[in-house]
Amino acid sequence: MKSIDEQASAWTEAFESGKFVRKSSEFRDSISKGGMFDVESGRYHLYISHACPWAHRTLIARNLLGLEQHIGVDVVDWRMNPDGSWSFNPDEEGATADTVNGESSLEGIYNRAFEGWNESRSIGTVPVLWDKKHATIVNNESREIIRMLGQFSKEGFGNGSTLCPPELVQEIDNMIDANYESVNNGVYKSGFARTQEAYDEAVTALFERLDELEAHLEGREWLVGNDMGQLTEADICLFTTLVRFDLVYVVHFKCNLRRIIDYPNLQTFVERVLDLPGIRETCHWHHIKAHYFWSHQNINTFRIIPLGPLEGAHTK
Ligand SMILES: N[C@@H](CCC(=O)N[C@@H](CS)C(=O)NCC(=O)O)C(=O)O
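Turning to the overall build of the protein, a few remarks are in order. Tallying secondary structure elements over the protein gives 10 helices and six strands in all. A compact globule built from 316 residues would reach a C-alpha radius of gyration of about 20 Å, and the protein, at 19 Å, matches this within 12%. Summarising its shape, the C-alpha atoms of the protein cover approximately 55 × 50 × 35 Å along the three principal directions. Counting only residues that meet the buried cut, the protein has 41% of its 316 residues in that class. Considering only contacts within the protein whose residues lie at least 6 apart along the sequence, 65% involve residues at least 24 apart.

Interhelical geometry of helix H5 (residues 169–184) versus helix H8 (residues 233–252) gives an angle of 15 degrees and a closest axis separation of 9 Å. Classified by the interaxial angle, the pair formed by H5 and H8 is roughly parallel. In this structure, the crossing between H5 and H8 has a hand that is left-handed. For the pair H5 and H8, contact is made by Ile172, Met175, Ile176, Asn179, Val183 and Asn184 and by Glu233, Ala234, Cys237, Leu238 and Thr241, respectively. In terms of residue class, the contact of H5 with H8 is built from seven nonpolar, three polar and one charged.

With omega at 0 degrees, the peptide bond leading from Val126 into Pro127 counts as cis. By secondary structure assignment, the location of Pro127 is in the loop between helix H3 (106–113) and strand S5 (128–131). At Lys254, a residue that is not glycine, the phi angle is positive and equals roughly 60 degrees. We note that Arg303 has phi near 55 degrees; this positive angle belongs to a residue other than glycine. Topologically, Arg303 is positioned in the segment after helix H10 (285–295).

Attention now moves to helix H4 (residues 142–154). Its 13 residues place the ends of H4 19 Å apart at the C-alpha level, agreeing with the 18 Å of an ideal helix rising 1.5 Å per residue. Judged by how many residues are buried, H4 sits mostly within the fold: 10 of 13 residues are covered. Looking at the buried positions of H4, the neighbouring elements they touch are helix H2 (53–64), S5, strand S6 (136–139), H5 and H8. Trailing H4 by a residue or two, Gly156 shows a phi angle of about 90 degrees, which is positive.

Burial of strand S3 (residues 44–48) is extensive: five of the five residues sit out of reach of the surface. Residues of S3 alternate between two faces, with Tyr44, Leu46 and Ile48 on one and His45 and Tyr47 on the opposite face, all of them buried. In this sheet, strand S4 (residues 71–75) lies alongside S3 in parallel orientation, the contact comprising five bridges. Following the sheet pairing, Ile48 is matched in S4 by Val75.

On to the sheet that holds S6. Strand pairs in the sheet, formed through backbone hydrogen bonds, run parallel or antiparallel to each other. Taken together, four strands build an open sheet; the order of strands is S4-S3-S5-S6 and the sheet is mixed. In this open sheet, the two edge strands, each paired with only one partner strand, are S4 and S6. The sheet shows a mean angle of 35 degrees between the axes of neighbouring strands, direction not considered. Where S5 meets S6, three bridges bridge the pair, whose relative direction is antiparallel. Bridging across to S6, Leu129 finds its partner in Asn139.

According to the domain assignment, the protein consists of domain 1 (4–154) and domain 2 (167–277). A separation of 23 Å is found between the C-alpha centroids of domain 1 and domain 2. On the domain 2 side, the residues contacting the 16 residues of domain 1 number 18 residues. Elements supplying a minimum of two residues to the side of domain 1 that touches domain 2: strand S2 (19–21), H2 and H4.

Another aspect to go through is the environment of Ala234. With respect to the helices, strands and loops of the structure, Ala234 is situated in helix H8. With 57 residues separating them along the chain, Ala234 and Asp177 place their C-alpha atoms 9.2 Å apart. Among residues more than four places away in sequence, those in contact with Ala234 are Ile172, Met175, Ile176, Leu223 and Val224.

Attention now goes to the nonpolar core. Counting 81 residues, the largest nonpolar core has Tyr47, Val126 and Leu266 as the members making the most contacts within it. Take this core: its biggest share by element is 12 residues, from H8. Looking at which domains feed residues into this core, each of domain 1 (4–154) and domain 2 (167–277) supplies at least three.

Another aspect to go through is the packing of H5 against helix H7 (residues 196–216). Two numbers describe how H5 lies on H7: the axes approach to 8 Å, and their chain directions differ by 135 degrees. On the basis of the axis angle, H5 is oblique to H7. Here Asn179, Ser182 and Val183 of H5 lie close against H7, whose contacting residues are Ala205, Leu206, Arg209 and Leu210.

Procedures and definitions
Starting afresh in each chain, residues are numbered from 1 along the sequence in its written order. For this predicted model, a pLDDT threshold of at least 70 governs which residues receive local features, and a threshold of 80 or more governs which side-chain atom pairs are given and counted, while totals over whole chains, interfaces and linings are taken from all residues. Numbering of helices and strands runs from the N terminus; a helix is a DSSP stretch of H or I covering at least four residues, while a strand is a stretch of E covering at least two. What the globule rule says is 2.2 Å times the number of residues to the power 0.38, and the radius of gyration is computed from C-alpha atoms. Neighbour density around each residue's C-beta defines its exposure: 20 or more other C-beta atoms within 10 Å make it buried, 12 or fewer make it exposed, and counts between make it partly exposed, where C-beta atoms are placed from the backbone. A pair of residues counts as a contact when their C-beta atoms, built from backbone coordinates, are separated by no more than 7 Å. Lines fitted to C-alpha atoms define the axes, with helix axes restricted to the stretch in contact, and inter-axis angles between N-to-C directions lie between 0 and 180 degrees. To sort the angles, those under 35 degrees are grouped as roughly parallel, those over 145 as roughly antiparallel, those from 65 to 115 as roughly perpendicular, and the leftovers as oblique. Should the near helix be turned counterclockwise from the far one by less than a right angle, the crossing is left-handed, whereas a clockwise turn marks it as right-handed. Polarity classes work like this: nonpolar for Ala, Val, Leu, Ile, Met, Phe, Trp, Tyr, Cys and Pro, charged for Asp, Glu, Lys and Arg, and polar for all others, with Gly in that last group. The length a helix should cover is 1.5 Å for every residue beyond the first. In this scheme, strands are said to pair when DSSP sees at least two bridges between them. For the domain bounds, the source is a domain assignment made automatically or taken from a database. Put simply, a nonpolar core is buried Ala, Val, Leu, Ile, Met, Phe, Trp, Tyr and Cys residues tied into one set by C-beta atoms within 7 Å.

As structure tokens, then:
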């Protein structure tokens with residue numbers, strides 16, 4: 001049996017000077033009209049975790065673009081295995097079986113896409129965008145998957161909305177980039193830091209960026225675009241981290257300089273996204289909270305799940 005420390009090393013892949021380093025995603029193909037991965041209704045399938053902020057992005061984009069009838073979804077159990085792998089457990093509320101490949105774990109899906117995956121040292125992450133036609137993984141990088149889903153709108157599927165209008169692409173990319181290391185990955189870098197210096201650095205950068213975003217949202221509704229802005233991918237990418245913040249990251253990852261509820265504009269932003277049609281239904285609070293506190297035994301030895309917070313979380 002591996003020690004908890006060895007488990008943590010396997011899961012997080014790499015540490016440099018006590019800093020958590022996220023591995024890059026392995027599958028980076030794209031859906032495109034007339035390409036190998038053509039735009040076709042019913043052909044693609046998402047594998048997600050309701051706990052995971054990266055996977056949550058893809059579920060939200062699917063709903064906002066009205067692609068529920070065109071792209072299927074399966075959901076893994078909220079319990080991440082000690083080595084960082086995911087299992088299907090249809091007996092768990094909110095989770096499903098693998099309805100496409102009949103696998104019992106996500107590793108089985110990665111193994112289908114990449115022979116020898118099981119023998120490699122890699123662990124499969126969520127989200128996964130699966131192509132039923134070629135029986136392979138198209139892409140496992142959330143940011144790229146949500147942009148790909150926009151291809152379906154362009155080809156007349158869904159409700160016609162767009163989360164990435166061509167004139168805003170650069171602004172959207174800049175905003176997603178600016179939030180990635182400091183905020184989206186920043187909470188993990190804080191929580192998984194193995195030296196005081198690494199932790200201090202991550203938390204400082206995280207809250208500096210949250211302060212900037214609070215100021216940026218003064219008088220605006222959305223992160224990008226003229227005047228009040230307009231809803232784009234950049235908002236989705238930030239939202240899925242912010243909505244987990246007071247519920248999990250403040251305590252579990254020690255991101256406790258402030259809470260989101262202490263930032264009026266960020267709190268209003270989170271509520272604005274939650275009030276969009278079909279978004280609250282994508283937030284599975286039990287999966288989110290139980291997953292983190294239960295799964296990362298290296299930083300929460302006895303798997304105690306806190307009762308609170310009474311306020312600050314968005315669970316109503
Ligand atoms: N860069 C990826 C990150 C995905 C990711 O790290 N997902 C986590 C869940 S929050 C995961 O599956 N972790 C399992 C592991 O790393 O072992 C993305 O944005 O899609």
